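# Observations on the three-dimensional arrangement
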Amino acid sequence: MAGEYRFSFGPWNIHEGADPFGPTVRRSITFARKLKMYKKLGFDGVQFHDDDAVPDMNKLGPREINKQAKEVRKALADEGLTAEFVAPRLWEDPRTIDGGYTSNSEADRAYARDRSRRCIDIAAALDSKLIVLWLAREGTYIREAKDSKVAVDRLVEAINDMLDYNPEIKIAIEPKPNEPMDQAYIPTTGHALALAYLTKDPKRVGVNIETAHVILAGLDPSDEMGFALAYDKLYTVHLNDQNGLKFDEDKSFGAVNLRRAFNQVRILDRYSYGTRGEFVGLDVKAMRTQKQDVATKHLSNSRTIFLQLVELARSLDQGKVEQLIARRDYEELDMLITSHLMGK
Ligand code: 3MF
Ligand code: MG
C-alpha cells in the first residue's frame, strides 16, 4: 500500500545538532542541497518557515520577498516537490521576545501581524494555501505578566487579520503546552479549535497536531487526532515521538512507543487522512550523536515505520476486534494488539 501517502518535512529537520548546552556537531547543509535529498528519502512535500524560503526577509520589501520566493518555487518545481505550508517564524526576533500577537507592546504586536502578512505573501508565491501557526512565545513565564483574557482576544484579532489579508489561505494552529514558555495560551487541540470558532471564518482555521506536543500535555496523540477529525479540522500533522515529560525531543516516529504510534496511524488511515491532499508531516530530529553522513536516517526511518504501521493497521483482524469489544473482553483485545505488533 506504500505510495498512497505523501510525506513532508521541513529543512530544520536536517540540522547541525546544537542544543542549549553545546554547539553544533555537524556541518550545515545548504537549502539547495537539502532540496535534492527530499525525493531520495521518499518525501514529496516541503514545510517552510517564512525565512527558510526568504532569508533576511525583515530587510526586504514585499516586491523583493515575492521575487525570492518565486525563485524557491522554481527550485521546488525542478525537484518535483510541493510546498506544503509556510509558518511565520515569530520567536527569534527581539520584538517577539515576550510573544508576538500577545505582546504587551503595541509596536511589537504590529510587527508580528506585519510579519504574518509577509509570510502569507511567501506562501502565495510558493503556491501553498496553508499557514501553520506554532504560537511559540504566546504565553508567559509568570501568570501576572499578561492578561490571559486579553491574550485570547489578541490571538483572535491576529488570526482575523490574516484571514482578511488573503481569502484563499487556511490556518493550522500547532498547539504546544510549554517550551519555550512556562505556560502557553493554546496548549491543546481543544484550545486551538475553540480559538478557531472565535475567528471570523472558522471554516478556514484548523490544527496541526504534533505527537510530542500532545504527550507533553499529558494527552494521547491518537485521541487528539480523533477530536480534530470529528471537527474535520486536521489540516496536517507533525509526527514524531517523545519519551515522557521532558524537553521537546522530536524523536523518530514510533521510536519510543510503537503502540502509541500504531494508534495514530490507525486513526489516520481509518478516516482516510491524506485523501484530500493532506501530507503526512514529520517533525523529527536526528540524535546529536549521529554522524554527518547518516544524519537523515531519522526521516527515512520515520516514514518506513509509518508505512509498516499502515500495513499492520490494515491487517489487524477487525472482526476479532469487534467480537472482543462486544464481549467487553478488553484483556484479550489488549493481548491481540500487542501480539499483532509483535508479528505473532
Ligand atoms: C516546535 C515545533 C516547530 C514547528 C515549526 C512549524 C520548529 O516545537 O514543533 O518546529 O513545528 O515551527 O510550525
Ligand atoms: Mg512541530
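Our subject is the structure that appears above.
Residues numbered from 1 in each chain as written. Chains lettered and ligands numbered in written order. Predicted model: local features only at pLDDT ≥ 70, side-chain atom pairs only at ≥ 80, totals over all residues. Heavy atoms only, no water.

This paragraph deals with the overall build of the protein. Counting secondary structure elements, the protein contains 12 helices and 10 strands. For 344 residues, the compact-globule formula gives about 20 Å, and the C-alpha radius of gyration of the protein, at 20 Å, lands near that figure. Seen through its C-alpha atoms, the protein measures out along the principal axes to roughly 60 × 45 × 40 Å. Counting every position in the protein, which comprises 344 residues, the buried fraction comes to 51%. Intrachain contacts of the protein at a sequence separation of at least 6 include 76% that bridge at least 24 residues. Element-wise, carbon and sulfur atoms account for 51% of the exposed surface of the protein, whose accessible area totals about 16300 Å². Here the protein contributes 50 positively and 53 negatively charged side chains, and the mean placements of these two sets differ by 3 Å. (Helix = DSSP H or I, 4+ residues; strand = E, 2+ residues; numbered from the N terminus. Rg over C-alpha atoms; globule rule 2.2 N^0.38 Å. Buried < 20%, exposed > 50% of the residue type's maximum accessible area, 1.4 Å probe, protein only. Contact = heavy atoms within 4.5 Å. Areas by Shrake-Rupley, 256 points an atom, 1.4 Å probe, with all protein chains shown as cover. Lys, Arg positive; Asp, Glu negative; His and termini not counted. Charge placed at Lys NZ, Arg CZ, Asp CG, Glu CD.)

Turning our attention to the coordination of the magnesium ion (ligand 2). Summarising the metal site, the magnesium ion (ligand 2) is bound by the protein donors Glu174 (OE), Glu210 (OE), His238 (ND1) and Asp283 (OD), whose distances to it range over 1.9 to 2.3 Å. If you list the donors of the magnesium ion (ligand 2) from N- to C-terminus, the spacing comes out as E-x35-E-x27-H-x44-D. Of the two residues, His238 sits in strand S9 (residues 234-238) while Asp283 sits in the loop between strand S10 (280-281) and helix H10 (297-315), which places them 45 residues apart along the sequence. For the pair shown, His238 and Asp283 are each scored as buried. (Donors = N, O, S within 2.8 Å, 3.2 Å for Na, K, Ca; no water.)

A separate point is the pairing of strand S3 (residues 82-87). For S3, the tally of buried residues reaches five of six residues, placing the bulk of the element in the interior. Pairing between strand S2 (residues 45-49) and S3: five bridges, direction parallel. Bridge pairing in S3 links Gly45 to Thr82. (Pairing = 2+ DSSP bridges.)

In the region of ligand 1, 13 residues are neighbours, and His49, Glu174, His213, Asp248 and Asp283 sit closest. Side-chain polar atom of His49 to an oxygen atom of ligand 1: 2.7 Å apart, as the coordinates give it. Contact between ligand 1 and Glu174: an oxygen atom at 2.8 Å from a side-chain N or O atom of the residue. Considered on its own, ligand 1 offers 340 Å² of accessible surface; in the complex 91% of this is hidden by protein. (Near = heavy atom within 4 Å. Polar contact = N/O pair within 3.5 Å; in protein donor to acceptor, adjacent residues only side chain to side chain.)

A separate point is helix H8 (residues 221-230). Among all positions of H8, only Pro221, Ser222, Glu224, Met225 and Ala228 are buried. Taken down its axis, H8 places every buried residue within 160 degrees of arc, on the same side. The outward face of H8, more than 90 degrees from its buried face, is lined by the exposed residues Asp223 and Ala230. The elements touched by buried residues of H8 are helix H6 (189-196), strand S8 (205-210), helix H7 (211-216), S9 and helix H9 (258-270). Positioned one or two residues after H8, Asp232 has a phi angle of 55 degrees, which is positive. (Arc of directions from axis to C-beta.)

We now examine unusual backbone geometry. Cis peptide bonds are those with omega within 30 degrees of zero, and the linkage from Glu179 to Pro180 qualifies with 10 degrees. Among the structural elements, Pro180 can be located in the loop between strand S6 (170-174) and strand S7 (183-184). The phi torsion at Asp56 lies on the positive side, around 60 degrees, for a residue other than glycine. Despite not being glycine, Ser272 shows a phi value in the positive range, around 60 degrees. Looking at Ser272, the relative accessible area reads 39%, which means it is partly exposed.

This part covers the packing of aromatic side chains. Scanning the entire structure with this criterion turns up 10 aromatic pairs. For the ring pair Phe9 and Phe43, a centre distance of 4.9 Å and an interplane angle of 85 degrees mean the geometry is edge-to-face. In this pair, Phe9 sits in strand S1 (residues 7-9) while Phe43 sits in the loop between helix H1 (31-41) and S2, placing the two residues 34 residues apart along the sequence. Both rings, one in Tyr197 and one in Tyr231, keep their centres 6.2 Å apart while their planes meet at 50 degrees; by these two values the pair is tilted. Separated by 34 residues along the polypeptide, Tyr197 in the loop between H6 and S8 and Tyr231 in the loop between H8 and S9 bring together distant segments of the chain. The ring of Tyr111 has Arg95 lying over it, and the distance from NZ or CZ to the ring centre is 3.9 Å. (Phe/Tyr/Trp six-rings, centres within 6.5 Å; stacked < 30°, edge-to-face > 60°. Lys NZ or Arg CZ within 6 Å of the ring centre and 35° of its normal.)

Moving on to the environment of Arg276. Residue placement: Arg276 occurs in the loop between H9 and S10. Side chain to side chain, Arg276 and Asp232 meet in a polar contact 2.6 Å long.

Attention now moves to H6. What H6 keeps buried is the set Thr189, Ala192, Leu193, Leu195 and Ala196. One side of H6 holds all its buried residues, which, seen down the axis, span an arc of 155 degrees. As for H6, its buried residues are in contact with helix H5 (148-165), S6, S8 and H8.

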